[in-house]
Amino acid sequence: MASPSLSHSQVIDFWPSTPPQHQQHLYQSSLFPRPMSISPPEHSPPPRPGGLRRVGGRAAGLAVDSRWAPASVGAEEDAERERRRKGALAAELMLHHNQHPQHHEHIHPGYQHRVPLGTTVPGQLPPPPPHLHHPHPHHPLPHPPPHLQQHFSPPPPTPPHHPHFQQQAQSKLIPPPPPLPPPQAFNLRSGGGGGGGAPSSPGHLSPSPYHVRPQGWGWPGAGGGPWASQLSPLHYGAGPAPLHPPPPPQPPQPQSIPLPVVLAQAQQLYTTSPTHPTLLPLLRTLHTLHPAHLPVLLLLSCAAFSAGELGESEQASRRILVIDPEYVEAMSNLATVYRAQGRLEEAEGWWWKAISKRPTYFDAIDNLLGVLCSPSPSSTKPHPPRYAAAQHLSTYLLSALLLPSPPTPLPRPPSTLPALPRPSYFPPHLPPAHAHRFLNLSYTAGNVRLVLPDVRGAASIHAGAIEALLNPSERPASERVGLGDVVCAIVVVGLVAEGRASMDSLGLAGGTALPLLERVRAAGGALVRRLREIGGGVLPPVYLLPEQVSHLPSVLFPHSAGVPPALGPSPAPADLSNTSQVLSTILFTLIKLVADGHPFPSPPPASSSSTTSPSTTTAAEDGTGDGGLGPSGPSIQLPLYYLALALAPAPSTCNNLGILLSTLPHAAELEHEGRKAVLNGQAVALLFYWHGLRLDQNHAHIWTNLGSLLKDRGAIQEAIKMYHRAIAAKPDFDVALANLANAIKDTGRTSEAIPYYTRAFLANPEFPESLSGLANALGAVCDWRGRGGCGLPDTPVVDERGALVPLAFAQFNTPALPREVSSRTGEARMGWLGRLVGVTERQLEEGAGFARGVVRGGGWVGVVQAALGGWADEEERGKWEGRVRAWLEEGEKDGGRNEGGWAVRVVEYLMRRVQWRWFRDVYGEGKGTGTGTPDATPVPPDAAARYKRPTLPAALPIPPVPSVLPFHTFTYPLSPRDARLICHRNALRIAHTALTQPGLPAHVYPPPPPPSPRINVAYLSSDFVNHPMAHLTQSLFGFHDRARFNIFCYALSPSDGSTHRAQIEREAEHFVDVSACGSVQIAEQIVADQIHILINLNGFTKGARNEVFATRPAPVIMQWMGFAGTMGGFTDYLISDIIASPPHTVGAERARLAPDARPTDLDGAPDPEGPEADWSYTEKMLYLPHTYFINDHRQGYRQAVGDPADRGLSADQLLQIEEGRRRSMRREIFPGLPDDTFIFANFNQLYKVDPSVFALWLRILAEVPNSILWLLRFPAAGEEHLLRFAREWGGESVASRLRFTDVAKKEAHIARARAADLVLDTMECNAHTIACDILWGATPFLTYPGKHPLRMCSRVGASIAHATGFGPAMVVDSEEAYVARAVHLATMGRGELVRLRRNLWETRETSALFDTPRLVRNLERGFEEAWRRWEEGAEVGSIYVREEEVTRRGR
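Criteria and cut-off values
- Residues numbered from 1 in each chain as written.
- Predicted model: local features only at pLDDT ≥ 70, side-chain atom pairs only at ≥ 80, totals over all residues.
- Heavy atoms only, no water.
- Helix = DSSP H or I, 4+ residues; strand = E, 2+ residues; numbered from the N terminus.
- Buried < 20%, exposed > 50% of the residue type's maximum accessible area, 1.4 Å probe, protein only.
- Contact = heavy atoms within 4.5 Å.
- Areas by Shrake-Rupley, 256 points an atom, 1.4 Å probe, with all protein chains shown as cover.
- 1 Å grid on protein atoms, 1.4 Å probe; cavity = no way out; pocket = protein on both sides within 12 Å on 5 of 7 lines; lining within 4 Å.
- Points joined across faces, edges and corners; volume = space filled by probe spheres on them.
- Nonpolar A, V, L, I, M, F, W, Y, C, P; charged D, E, K, R; others polar.
- Pairing = 2+ DSSP bridges.
- Axes fitted to C-alpha atoms, helices over the stretch in contact; angles between N-to-C directions.
- Phe/Tyr/Trp six-rings, centres within 6.5 Å; stacked < 30°, edge-to-face > 60°.
- Lys NZ or Arg CZ within 6 Å of the ring centre and 35° of its normal.
- Salt bridge = Lys/Arg side-chain N within 4 Å of Asp/Glu carboxyl O.
- Core = buried A, V, L, I, M, F, W, Y, C linked by side-chain atoms within 4.5 Å.
- Parallel < 35°, antiparallel > 145°, perpendicular 65-115°, else oblique.
- Left-handed = near helix turned anticlockwise from the far one by under 90°.

A. Representation of the overall build of the protein chain in the model. Summing up its helical and strand segments, the protein chain has 51 helices and 22 strands in all. Of all 1451 residues assigned to the protein chain, the portion counted as buried reaches 62%. In the protein chain, of all internal contacts separated by at least 6 residues, the share reaching a separation of at least 24 is 73%. When the accessible area of the protein chain is evaluated, it comes to approximately 50,700 Å², of which 55% is carbon and sulfur surface.

Printed below as a string of structure tokens:
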């Protein structure tokens, strides 16, 4: 079995959502998108305390808190402050103070505020992005609500603590702006420093010697403006007392060092060493000389804070506010001091006041939002984050920037605020250099809404922030472009580059003088409709190459030199860089929301212009409910990624873009390196991976994902090299380590893989995929040390010493493998297997809430009514209303069921009903009586309306799947319910992927015409090659009755040139190689071939294309042979028998006896999420008599156990010849072995051998001294471990009787298996094909199906044994009976064993087990009954196929 390539994310996973052919795992593995190695953008800063993180910030200046966004109070900030101070807002504030002095108390330095707490929500504010970046698992995370988990990242490292600072040791207050530089000093003109004199302006400055004396210093924002009077020499004696006593009076003497120079040196010292021992004394001296000099006071407050002198810092800030009550920097510094002292209410009050004075004062905004969005354990009154208050604040701030008349003054919660405007144009009064600060604010406002949660509101704000950069404030509303216009423009560029469309065909040829964006906006909804026609109902995914992406800005913004228009024609490089980085992060967040299934945000109707653009096409106009651009998916994600990469090139963007591209199947002809080449998504993804590595050659995530893509393309050795490069860049990268281990294991070197699995697990014990891979690898080589297990205290487990002991006495000392107790069952769990079971249970429990609220959102009764074409009667209406109502009540009662899973099941159910209704509308009763090939079912022009394909809710995220793959449920000690849920959750993921992929028609696939007279049956498989499936089924297709059935074989893999492939191609009536086709193409081929019954021969194994079945291209879907278990969804029938799958284990049989037992059941299909642990199968059964397990031994392997020259001899003569050949075979395999030695054998892969069955085999050997146990080196690394355990558990005398041989080719294996006397079956997962091999050679077989009575894979051996007609002699009902029967047959019952062998030999030609034509006849009876039931709409209950023939038994 091969392993998937893991990567870093979750849950995600995350995501991406589409499982293409290249992502499918190897044989008997799972098929879902693995969690990818997703990278955060390199330009994102670390998260802020409490989870709030903002990006960008000015590079110059000092910040309030060094861990937060940097800030400066430079000339540009002061100029803006002066504009604000002189503007209407400041005038209005002062007017309010003068008229209502009793209301002015809120700016008094001593007043303490009590901020009303808003609505609190547990958890943390999501950092940016949640965008595709999953928290690194090395850091333990808190446990936020399930619906918010994808938005969280780990808390930042805790900074050093100072005993007085309470986590503020690294904080810095806001210093004064840098003074004018020397060597030329300036003095104020006459009158500029006089008491109450008019302020000086820069135009009034004149050069003159300026010395240190008690005189103000005039510079904009400090000495000028409202502060001029406080800075004059005349004010020295009348101002407030200095913080320190002045020195003794001295004769006035000019000093040689100008004040600006001293202050500049002090500020430089503060910047580089804020706690330097000379800094604070220097500033105290300057303050003594200049007690009213505000820049000195401001720097003094900062230095005192850094030195831990919080009281002095507070006094300095208060003194500033006495001099100038409007000085917002002092307000913010005072608030920071209060926060350090734990006086949060007072701190918040001052920050609110600073913001009310200047709504663009982003440093105070950052601090206040950080406090509101973080828990406050340091406060005297601890409280959780207050996201409602943060929402209130961000709403006010955006309103103040965007509305013509913002609310004044700043209202405190819960005051009523105006509706939050979507920031779809740049604020008119904000300098373009502050664009990144505006984007930061918008980004935080959106993230706050994600937490509340208000996803639509968050997406709207994020999209509006991007649109603000596209539209300068002076642009008329009718000419503004939206983000939807940009998306469509990029799609147009891609279509033209791929040659799939031209500007003429898209209606964009006119007005060529206009930029592309403006032409797209003018084309409006007509362009969107045309693009969606090309994409089959969605925007078509397009490929752009890295070099094309780099030119996108000049294509989109030609009139502004390739930069967003609101930034102006020539923005400063630093401003452009900061803005582009924040813009890229916002785009990442939008991509994440779209990837989670949330609709693309469309502007509110108020923003729509007279010309309907793609951005303003409403859901009502479009009929999609998704804003006009179509369902969320890769076709929208790709343009957003291209835009992010174009604006801010970063390797992480290349990485994430490569992940998405690798999921896309379609191919396009693109010009690459000067020549045309046909590239598919994988090929384009490789180009972006290499492009990202050119940006950062040590990017571990890219190396990892590049390796995974190469592995999926078959270049496994190259993949191993890429994984090694990733580990070289990041030695503890758990994802790369696990991927490397998977790749090495897939080359057959399982033992070499185990150290890498171990490193991955130890690097991150919380990474489930590493634990699952380690458990699988250790089990494959039977290294059970530390395996542990779960169960009651007396359950035998293997501890770290390798001892097989009761669980209560097992010893485990590894910290990463703690002892656990199941909260659900109370069972103890120990070791790596016990931990894996616990992790799986938790993943299943958490996954149930992945889409909580999707049903409660309402509308389901109307959806059902529309799909059914109206209610048949009031009873049917009442049934569905009751289902929805009762389901919600039950969900509330038990904490919430899997609402998203129920929504997917309803959509699948309705697809079947709509397809059946279409059939009945066209064909009535549908009985086919003709003899020719009927025409295809007509698709009327209004098919999209009459037979609309039910769609999944737009907000439905990708269903999460557990780390344990469906195939692993065969051998892990999971409960039947957990095993069922693992398959069901994977089916939900497949269905979601299938039903949201591009290219599906708006209507369901049309049903085929009725059989005329033949039923069209199709088999879909990737194993029509030299594979066990082909070995078993190669004659099946030729045995079908061509008078009644028209057989199709669709091959998902190209020809390997084997004889098995050649026979199937030759004998199938229609053989179609679809290995190069996408899922939608395959489905369309099935529809075109008018298939009635479609059979899945893969299940959850390598190469499967289960998404084809989930789209329902045929009326009846069946699963057979590939996977011995339930598919969990989108499958109507599982072909089995009553021994392998007893009726009481089938959900449909339970429902037949008790229909709709619970409100979440759907017409004979019980809810897989139900709490019952006594049933396994979500499908109905097509029960075949005897056995379901087909084989071709009678046709294909006669030579292996006979000789054509033997024909014509009597039975006794043949048996004597056979015995002679057996003895000769024994001597050849085991030379020197005495003839009377009894040979027990097991030929299964060693992963099926578990400690309990091995212990039984050792008991059998101990009780039969004259015996050996023959095993295969399958793999070879298992031999040493089994021998070690045999010595430790059974002693040397037993261990010496284990014999191992290499694996042989098929025919040689069948021939030599006759040398065994009795084959002992495994119990967790039986022998399947192996059982047929040994019984064809007439070797008796012993199996016990009762250990796992609900597990099909554990009962197949009994099914096969009973099909011989001698089942009772080979099937036992307990482990003790298993041991007793084996010992009896090897000792006292050897005569019975000889008779059993003779009977098997004599009846094998007529045995039902090997009578393939007979099985095919029974199968065809089942097909006819399944079609009859579908035509009549009576698909309730399983199908039991009967036959009149009686199996012949031997003597």
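B. Geometry of empty space enclosed by the protein. All told, the structure shown has 11 cavities of 30 Å³ or more when counted by the stated rule. In terms of lining, the largest cavity is formed by 17 residues, of which the most central are Gly-779, Arg-787, Thr-971, Tyr-972 and Tyr-1247. Here the lining of the largest cavity takes 3 residues from helix H27 (residues 768-780), the largest share from any one element. Within the lining of the largest cavity, the residues separate by chemical class into 9 nonpolar, 4 polar and 4 charged.

C. Structural context of the sheet that holds strand S17 (residues 1238-1241). Read from one edge of the open sheet, 5 strands run S19-S18-S17-S20-S21, paired in parallel fashion. Two strands lie at the open edges of the sheet, namely strand S19 (1298-1301) and strand S21 (1341-1342), each paired on one side alone. Taken strand by strand, helix H42 (residues 1251-1263) contacts S17, strand S18 (1267-1272), S19 and strand S20 (1318-1320), and its axis lies near 150° from that of S18.

D. Structural view of the environment of Phe-733. Within the secondary structure layout, Phe-733 lies in the loop between helix H24 (716-729) and helix H25 (734-746). Counting along the chain gives 31 residues from Phe-733 to Asn-764, while the straight-line C-alpha distance between them is 8.8 Å.

E. A look at the environment of Met-1121. Along the polypeptide, Met-1121 turns up in the loop between strand S14 (1116-1119) and strand S15 (1133-1136). By relative accessible area, which is 12% here, Met-1121 ends up buried. Linking Met-1121 and Tyr-1188, residues 67 residues apart in sequence, is a C-alpha distance of 8.2 Å. Not counting chain neighbours up to four residues away, the residues in contact with Met-1121 comprise Met-1029, Leu-1032, Tyr-1188, Phe-1189 and Ile-1190.

F. Local environment of the packing of aromatic side chains. Enumeration according to the criterion identifies 32 aromatic pairs in this entry. Both rings, one in Trp-918 and one in Tyr-947, keep their centres 4.5 Å apart while their planes meet at 5°; by these two values the pair is stacked. Here Trp-918 is found in helix H31 (residues 899-923), whereas its partner Tyr-947 is found in the loop between helix H32 (943-946) and helix H33 (976-995), with 29 residues between them in sequence. With respect to class, Trp-918 is no different from Tyr-947; both count as buried. Taken together, the aromatic side chains of Trp-784, Phe-1254, Trp-1257, Phe-1285 and Trp-1289 make up a single cluster linked through ring pairs. The ring centre of Phe-1285 lies 5.1 Å from the NZ or CZ of Arg-1284, which sits over that ring. We note Lys-1306 situated over the ring of Tyr-1197; from NZ or CZ to the ring centre the distance is 5.7 Å.

G. Geometry of the pattern of salt bridges. In total, this model carries 58 salt bridges according to the counting rule given. When the shortest N-O distance is used, the salt bridge between Glu-718 and Lys-721 registers 3.2 Å. In this pair, Glu-718 and Lys-721 both sit in helix H24, 3 residues apart, roughly one turn of the helix. Of the residues examined, Lys-721 reaches a relative accessible area of 47% and is grouped as partly exposed. Of the charged contacts, one joins Arg-1061 and Glu-1065 as a salt bridge, the two residues approaching to 2.8 Å between their closest N and O atoms.

H. Inspection of the nonpolar core at higher detail. Leu-531, Leu-640, Tyr-642 and Leu-661 are the most contacted members of the largest nonpolar core, which has 197 residues in total. The contacts of Leu-531, once residues within four sequence positions are left out, are Cys-488, Val-491, Val-492, Leu-495, Leu-506, Val-538, Leu-539 and Pro-540. In terms of nonpolar packing, the next biggest core, distinct from the first, is built from 146 residues, Val-864, Val-914, Val-1319 and Cys-1325 among them.

I. Looking closely at the pairing of strand S3 (residues 667-672). Of the two faces of S3, the one holding Ala-668, Leu-670 and His-672 is buried and the one holding Ala-667, Glu-669 and Glu-671 is not buried anywhere. Relative to strand S4 (residues 675-680), S3 runs antiparallel, the two being bridged by 6 bridges. Looking across to S4, one finds that His-672 is bridged to Arg-675. Connecting S3 to the antiparallel partner S4 that follows it, the hairpin turn spans 2 residues, and Glu-673 within it adopts a positive phi of roughly 55°.

J. Examining the pairing of strand S13 (residues 1093-1096) more closely. Alternating residues of S13 divide into Ile-1093 and Ile-1095 and Leu-1094 and Asn-1096, and every residue in both groups is buried. Where strand S10 (residues 1015-1021) meets S13, 4 bridges bridge the pair, whose relative direction is parallel. Directly across from Leu-1020, in S13, lies its bridge partner Asn-1096. The pairing of S13 with S14 spans 4 bridges and is classified as parallel. Considered in S14, the bridge of Asn-1096 is made with Gln-1119.

K. Examining the packing of helix H49 (residues 1375-1386) against helix H50 (residues 1390-1403) more closely. Packing of H49 against H50 leaves a shortest axis separation of 6 Å and a crossing angle of 90°. Looking at the two axes, H49 sits roughly perpendicular to H50. Here Arg-1381, His-1384, Leu-1385 and Ala-1386 of H49 lie close against H50, whose contacting residues are Arg-1390, Glu-1392 and Leu-1393. Here the contact of H49 with H50 is composed, by residue class, of 3 nonpolar, 1 polar and 3 charged.

L. Representation of the packing of helix H3 (residues 259-272) against helix H5 (residues 294-306) in the model. As a packed pair, H3 and H5 sit with axes 11 Å apart at the nearest point and diverge in direction by 25°. Accordingly, the angle class assigned to the pair H3 and H5 is roughly parallel. As H3 runs across H5, the sense of the crossing is left-handed. Packed against H3, whose contacting residues are Leu-263, Ala-266, Gln-267 and Tyr-270, the element H5 presents Pro-295, Val-296, Leu-299, Cys-302, Ala-303 and Ser-306 at the interface. When grouped by side-chain class, the residues that make up the contact of H3 with H5 number 8 nonpolar, 2 polar and no charged.

M. Quick look at the side chain of Ser-1058. Tracing the sequence through the fold places Ser-1058 in the loop between strand S11 (1045-1051) and helix H36 (1059-1067). Classification of Ser-1058 by relative accessible area gives buried; the value is 13%. Discounting residues that sit within four places of it in the chain, Ser-1058 has contacts with Val-1025 and Asn-1026.

N. Region of interest: the sheet that holds S10. Here we have 8 strands laid out as an open sheet, ordered S12-S11-S10-S13-S14-S15-S16-S22, and parallel in their pairing. Of all the strands in the sheet, the pair left with one neighbour each is strand S12 (1070-1073) and strand S22 (1439-1440). As defined by bridge partners, S15 adjoins strand S16 (residues 1180-1183) across 4 bridges and the pair is classed as parallel. Pairing of Ser-1136 across the sheet is with Tyr-1183, part of S16. Where helix H51 (residues 1412-1432) meets the sheet, its contacts fall on S10, S11, S13, S14, S15, S16 and S22, and the angle it forms with S10 comes to roughly 110°.

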